[in-house]
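So the chains spell out like this:
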Amino acid sequence: MDRETRVFAESHFRSLRGRLPSRVCPTPDRVDFIENPDSFSYADFFKGYLLPNLPCVFSSAFTEGWGSRKHWVTPSGKPDFDYLLQNYGDVVVPVANCGVQEYNSNPKEHMPLRDYISYWKEFIQGHYSSPRGCLYLKDWHLCRSPFHADIFRSFSWSVNICGRKKWFLFPPGQEEALRDCHGGLPYDVTAPAFLESRPHPGLNHCSPPLEVMQEAGEMVFVPSGWHHQVHNMEDTISINHNWVNGCNLANMWHFLQQELCAVQREVGEWKDTMPDWHHHCQVIMRSCSGINFKEFYHFLKVIAERRLLLAKEIGPGEVEYGEGSGLGPQQTIFDISRIAEVLASVVVNPDFQKVDTSMLSPQPEDLLQQLEEVMASMEPL
C-alpha cells in the first residue's frame, strides 16, 4: 500500500460515519473480470474491490505459476489422482453427503483421502452416480500448505485448480429476502421447489443473483457478507482462503454482536433466573460461532501487537520508499487505525463490559491507548 491509497482508504471510512462498508455500495449488474496481472496493482484491487466490498474474477494468468496447477492436474486438465494419492493419500479429510439435507447443510464424515479418491473414481465410472450418493470433499485444511480457513464475515478467494464452477452471488442484505417465515435460508436457490414455494415472503422482492462461470485457474474474490451458492459443473479441485483485514474488521465485530443478540433473544426468558446469564450467553455464542467476545479481543490484541512492533521499525525513509511485496509501512498505519476504531467500539460495548477481563493482558483500555498514541505519532507520515 502506498500513501495515496492509505489516505484514500481513511477518507472512505470517515465518509461511512460508522456504517458498515458492505451496506453502502450500489449493487453492480455484473462481476468484473481482471485479465492482466501486469496492469493491475494491489492499489487497484484495494480501491476498486476491497474498500467498496465488490466481487471480481481474476484470470488464470494470476495463478499460472502455482505448483498445484502443475502437479495436481493431468495434461488433459483432470485431477491427477495418482499424484494426490502418493502425496496425501493417508490424510484424513472431511466429506459431506450432498444427497442428505440437515437443515440448510449436509452431514459430514471423515475418511482417508485414498478412500475418497476410490469413491470419486467409481462415481465417474458410474456416469456420476453412486449408491452412496454424491459425496463432496469440503473444508479440508491442508496443513502442509499456507492456506487455512477463518470464519465470520470474512473476505475469501477461491481458485479453480481444475474444473469449472457456477457461482450465484447475493449482495449483503439480499439474503433477508430469501428467508422463509421461520427466518431460515434456502438449501438451494435454484431448486424449483424453492422458486415455486410460498414460505419465502420476501422472494418477490429479491433481485436475481450475480452469476459467474469460473474456469480452470481463475480466482473468484468473494467480498464480506456476500451470500453465495456454488455448483461444480465437472470434476473440480479448488483452493480457498478466508481472511480478515482492516477493510472488513468492523463487519466481523458487527457480526459477532448480531450473533450474541440472537442468543440473548433465544434464552431471554431465563435472564432473571439463570445465574451468570451473560456468561452463559457468551458460552452459547461460542458454540455457534466458534468465538466469544473475550476471544475476539484476543484476536484484536494479537494483530495489534504485531502491527505495533512493525510501527516501531518504521523510519522516515521507509514510509516513503519501503513498500514492497510484504506488509509495508502505510499498510501498518492503516491497520492500526482500523484496529483502534473497532477496539474503541468493543471497549464501550455493554455486553463486553460484563465480560470478566481481569486476567487479560494488556487490559483493553490500555491497548487502545497504545494504538491511539502510535496513531498520533504517525499522523505526520
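Remember, it's a predicted structure, so these values are computed and weren't measured experimentally.

Student: Run through the overall build of the chain, naming residues and quoting values.
Tutor: Helix and strand counts for the chain stand at 13 helices and 11 strands. For the chain, buried positions account for 45% of its 381 residues. Across the chain, the fraction of contacts at a sequence separation of at least 24, relative to all contacts at a separation of at least 6, is 74%. Accessible surface for the chain amounts to roughly 20,500 Å². Of this, 52% is attributable to carbon and sulfur atoms.

Student: Describe in detail the sheet that holds strand 4 (residues 108-112), supporting the description with residues and values.
Tutor: One open sheet accounts for 3 strands, arranged 4-3-5; its pairing is antiparallel. Of all the strands in the sheet, the pair left with one neighbour each is strand 4 and strand 5 (135-137). In this sheet, adjacent strand axes meet at a mean angle of 40° when their direction is disregarded. Across 5 bridges, strand 3 (residues 92-97) lies against strand 4 in antiparallel orientation. Across the sheet, the residue bridging to Pro94 is His110, located in strand 4.

Student: Tell me what's going on with helix 7 (residues 249-266), and back it up with residues and numbers.
Tutor: For an α-helix the count is 3.6 residues per turn, leaving residues at separations of three or four pointing the same way. Helix length check: helix 7, at 18 residues, gives a terminal C-alpha distance of 26 Å against a target of 26 Å (1.5 Å per residue), a fit within 8%. Where helix 7 is concerned, the buried positions are Leu249, Ala250, Asn251, Met252, Trp253, Phe255, Leu256, Leu260, Val263 and Gln264. In the core, the buried residues of helix 7 are packed alongside helix 8 (277-289), helix 9 (293-312), helix 11 (329-348) and helix 12 (350-353).

Student: Could you give an account of the sheet that holds strand 7 (residues 165-170), with specific residues and numbers?
Tutor: Paired through backbone hydrogen bonds, the strands of a sheet run either parallel or antiparallel to each other. Spatially, 3 strands are ordered 8-7-10 in an open sheet, and the strand pairing comes out antiparallel. Each of the sheet's edge strands pairs with one partner strand only, and the pair in question is strand 8 (210-214) and strand 10 (227-232). If you compare each strand with its neighbour and ignore which way they point, the axes differ by 20° on average. Where strand 7 meets strand 8, 5 bridges bridge the pair, whose relative direction is antiparallel. Bridged to Lys165 within strand 8 is Gln214.

Student: Residue-level account of the packing of helix 11 against helix 13 (residues 364-378), with values.
Tutor: At their nearest, the axes of helix 11 and helix 13 sit 9 Å apart, and the two run at 145° to each other. Crossing angle aside, the handedness with which helix 11 passes helix 13 is left-handed. The segment helix 11 lies against helix 13, with Ile333, Ile336, Ser337, Ile339, Ala340, Leu343, Ala344 and Val347 engaging Pro364, Glu365, Leu367, Leu368, Leu371, Val374, Met375 and Met378. Split by residue class, the contact of helix 11 with helix 13 holds 14 nonpolar, 1 polar and 1 charged.

Student: Explain the state of the cysteines to me, using residue names and the numbers behind them.
Tutor: Tallied over the full model, the rule gives 0 disulfides. In this structure Cys98 is a free cysteine whose sulfur lies 4.5 Å from that of Cys134, the closest cysteine sulfur available.

Student: Please give an account of the packing of aromatic side chains that cites residues and values.
Tutor: Going through the model one piece at a time under the given rule, you end up with 24 aromatic pairs. Between Phe221 and Trp243 the ring centres are 6.0 Å apart and the planes differ by 40°, which places this aromatic pair in the tilted class. Of this pair, Phe221 sits in strand 9 (residues 219-222) while Trp243 sits in strand 11 (residues 237-243), and the two are 22 residues apart along the sequence. You'll find Phe221 and Trp243 in the same group, each marked buried. Put simply, the rings of Phe40, Phe45, Tyr49, Phe58, Phe62, Phe155, Phe221 and Trp243 pair up and form one aromatic cluster. Over the face of the ring belonging to Phe8 we find Lys47, whose NZ or CZ atom lies 5.5 Å from the ring centre. Over the ring of Phe13 we find Arg338; its NZ or CZ atom is 3.7 Å from the centre of that ring.

Here is what the cut-offs are and how they apply
Residues numbered from 1 in each chain as written. Predicted model: local features only at pLDDT ≥ 70, side-chain atom pairs only at ≥ 80, totals over all residues. Heavy atoms only, no water. Helix = DSSP H or I, 4+ residues; strand = E, 2+ residues; numbered from the N terminus. Buried < 20%, exposed > 50% of the residue type's maximum accessible area, 1.4 Å probe, protein only. Contact = heavy atoms within 4.5 Å. Areas by Shrake-Rupley, 256 points an atom, 1.4 Å probe, with all protein chains shown as cover. Pairing = 2+ DSSP bridges. Axes fitted to C-alpha atoms, helices over the stretch in contact; angles between N-to-C directions. Expected span 1.5 Å × (residues − 1). Left-handed = near helix turned anticlockwise from the far one by under 90°. Nonpolar A, V, L, I, M, F, W, Y, C, P; charged D, E, K, R; others polar. Disulfide = S-S within 2.5 Å. Phe/Tyr/Trp six-rings, centres within 6.5 Å; stacked < 30°, edge-to-face > 60°. Lys NZ or Arg CZ within 6 Å of the ring centre and 35° of its normal.

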